[in-house]
Amino acid sequence: MPFYEVLSLILMGCFIVALFLGYPVAWLLAGVSVLFTAVAITLTTQFGLDTFLLTSWAKFSGIIDRFDAIMSNWVLVSLPMFVYMGLMLDRSGVADLMMRNFVKVFGGIRGGLGLTVIVIGILLAASTGIVGASVVLLAMLSMPIMLQHRYSKAMASGIVAASGTLGILIPPSIMLVLMADQVSISVGDLFMGAVIPGLLLGVLYMIYVFIVGVVRPDIVPPRPADAQKLTLGQVGMAFMSALPTFGLILLVLGSIFFGIATPTEASGLGAAGAILLAALNRKLSWQVIRQVGIETTLTTSFIFAIFIGATVFAYVLRMIGGDELITEFFKGTGLGPTGLVLLVLGVVFVAGFFLDWFEIVLIVLPLLAPVIKMNGTDMTWFLILIALMLQTSFLTPPVGFSLFYLKGVVPKGVTIRDIYIGIIPFVLLQVAMVALCLLFPKLILWLPQQMYSPGG
């Protein structure tokens, strides 16, 4: 094995070890990379060892062009707008209104409270895309009610965590924006490709909750004896409460799908729409505007700090031959295109136990995607499969962020063990959805093809 490949392995190993020591990811990525740059240059100049392309600080200075490309990237302008839209919608009061009205509609059905949470989770996902906000909001609104109606702690926790996590897949999703940028494909293609799998995953959740309600009434209790009969007025109120959210979804996704606006322009429309909803619900104030602005700035800064650190890491890894090492490894497996996709999905699933989706999208994906692309695999299909698999990273310990968000706001008496047990069936449903999309690629590709086909 050439020395530069050994150096690549040491770089990746040092990053993994340092990550488990708890250092901030953004500074860790850049710091380890600069350290290894110094090592590589010293080994080249002093000992004449082969460190591939990274032989001088002048070569390393090429990273400045990468930084400039990030900061002038028109697609990435949509990130702070989508974040702002989600945070503002979180404070607009629409979710609270929907929860109160949807409970009256679904409350009489077996597992109706759970179904209500999933439906609202889907609507929030299609209008916010902010997982943390969705999980916290759903937990605060629904967990006390479900526990009061004798849902098991594990089941209630699993429903809330899984429903809130749909926001990372169903567009508009900041994860899909970053994935499109990393692999240089259309954000609109990814948004359209994610619609059917995302909605179908929500339907699978609903079917599971209903079935559990039938076979295990001790976990998902039956209809309360004092439940009122459903009236047409209650259905009308539920529809009216969801109408503003539907309007925002149509404003953002409809403008993208029908070619009226680019994703970047649509993100601005969505942010303005969320402000309007907050104003109509009398929730808009200077304090809310200030808080949302600060949180948007912090979240965006966090994303771009990791973005810059990952760019340095990927650049240095490529300059010391990391790409060559990874390509040789995958070619050496002897797997065909489908086998390679399955292998990458397996790597992403395991990585999701230990890494946040940011690290996987910004570090792992740029290294693995070129290998998949060389085999002629449709990249929209491949990236949506990765997005589906990345959903599990939010629900799998020890680094499952949805679990952390949920634990911070659950009622007293709900333990982390209850949460871990509750998410297991939903993780399995996510993996089943990946399998369905592997077997039936049209679930992902049909909508993009319809939108761009001559007769579409």
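Refer to the preceding data block for the structure.
Quick look at the structure, then. Note that the structure is predicted; figures quoted are calculated from it, not measured.

**Focus on empty space enclosed by the protein**
Right, so step 1: Under the definition given, this model contains two cavities of 30 Å³ or more.
Right, so step 2: A volume near 50 Å³ is recorded for the largest cavity.
Right, so step 3: If you go around the largest cavity, the residues you meet are Val-344, Val-348, Ile-360, Val-361, Val-364, Leu-365, Leu-368, Phe-382, Ile-386 and Leu-390.
Right, so step 4: Broken down by secondary-structure element, the contributors of at least two residues to the lining of the largest cavity are helix 16 (337–351), helix 17 (357–374) and helix 18 (379–395).
Right, so step 5: If one sorts the elements of the lining of the largest cavity by residue count, helix 17 sits on top with five residues.
Right, so step 6: Among the residues making up the lining of the largest cavity, the classes are represented as ten nonpolar, no polar and no charged.

**A word on unusual backbone geometry**
Right, so step 1: For the bond from Pro-171 to Pro-172, the omega torsion is 5°, close enough to zero to count as cis.
Right, so step 2: With respect to the helices, strands and loops of the structure, Pro-172 is situated in the loop between helix 9 (153–165) and helix 10 (174–183).
Right, so step 3: In this structure, Arg-282 is a non-glycine residue whose phi angle is positive, near 60°.
Right, so step 4: Relative to the helices and strands, Arg-282 resides in the loop between helix 13 (263–280) and helix 14 (286–319).

**Re the pattern of salt bridges**
Right, so step 1: All chains considered together, the criterion is met by four salt bridges.
Right, so step 2: We note a salt bridge from Arg-100 to Asp-96, for which the minimum N-O separation is 3.5 Å. Here Arg-100 pairs with Asp-96, and both are found in helix 6 (residues 94–106), just four residues apart, close to one helical turn.
Right, so step 3: Exposure remark for Arg-100: the relative accessible area of 47% places this residue in the partly exposed category.
Right, so step 4: In this structure Asp-96 comes out as partly exposed when scored by relative accessible area, which is 32%.
Right, so step 5: Close ionic contact of Asp-218 with Arg-216 constitutes a salt bridge, the shortest N to O distance being 2.8 Å.
Right, so step 6: Here Asp-218 falls in the exposed class, since its relative accessible area comes to 51%.

**A look at the packing of aromatic side chains**
Right, so step 1: One pass over the structure, following the stated rule, counts nine aromatic pairs.
Right, so step 2: Taking the centre distance of 6.5 Å and the plane angle of 65° together, the rings of Phe-60 and Tyr-315 count as edge-to-face. With a gap of 255 residues between them, Phe-60 in helix 3 (residues 57–60) and Tyr-315 in helix 14 connect regions that are remote in the sequence. Each of the two residues, Phe-60 as well as Tyr-315, counts as buried.

**Overview of helix 7 (residues 112–125)**
Right, so step 1: Over its 14 residues, helix 7 runs 20 Å from end to end, which matches the ideal 20 Å to within 8%, given 1.5 Å per residue.
Right, so step 2: Of all 14 residues that make up helix 7, 14 are buried, and the element is covered over most of its length.

**Some remarks on helix 15 (residues 322–332)**
Right, so step 1: For helix 15, the set of buried residues is Gly-322, Leu-325, Ile-326 and Phe-330. Axial view of helix 15: buried residues confined to an arc of 125°, hence all on one face. Opposite the buried face of helix 15, by more than 90 degrees, sit the exposed residues Lys-331 and Gly-332.
Right, so step 2: Where helix 15 is buried, its residues meet helix 1 (3–20), helix 14, helix 16 and helix 17.
Right, so step 3: Just downstream of helix 15, Gly-334 is the residue with a positive phi angle, here 75°.

About the criteria used
- Residues numbered from 1 in each chain as written.
- Predicted model: local features only at pLDDT ≥ 70, side-chain atom pairs only at ≥ 80, totals over all residues.
- Heavy atoms only, no water.
- 1 Å grid on protein atoms, 1.4 Å probe; cavity = no way out; pocket = protein on both sides within 12 Å on 5 of 7 lines; lining within 4 Å.
- Points joined across faces, edges and corners; volume = space filled by probe spheres on them.
- Helix = DSSP H or I, 4+ residues; strand = E, 2+ residues; numbered from the N terminus.
- Nonpolar A, V, L, I, M, F, W, Y, C, P; charged D, E, K, R; others polar.
- Salt bridge = Lys/Arg side-chain N within 4 Å of Asp/Glu carboxyl O.
- Buried < 20%, exposed > 50% of the residue type's maximum accessible area, 1.4 Å probe, protein only.
- Phe/Tyr/Trp six-rings, centres within 6.5 Å; stacked < 30°, edge-to-face > 60°.
- Expected span 1.5 Å × (residues − 1).
- Arc of directions from axis to C-beta.
- Contact = heavy atoms within 4.5 Å.

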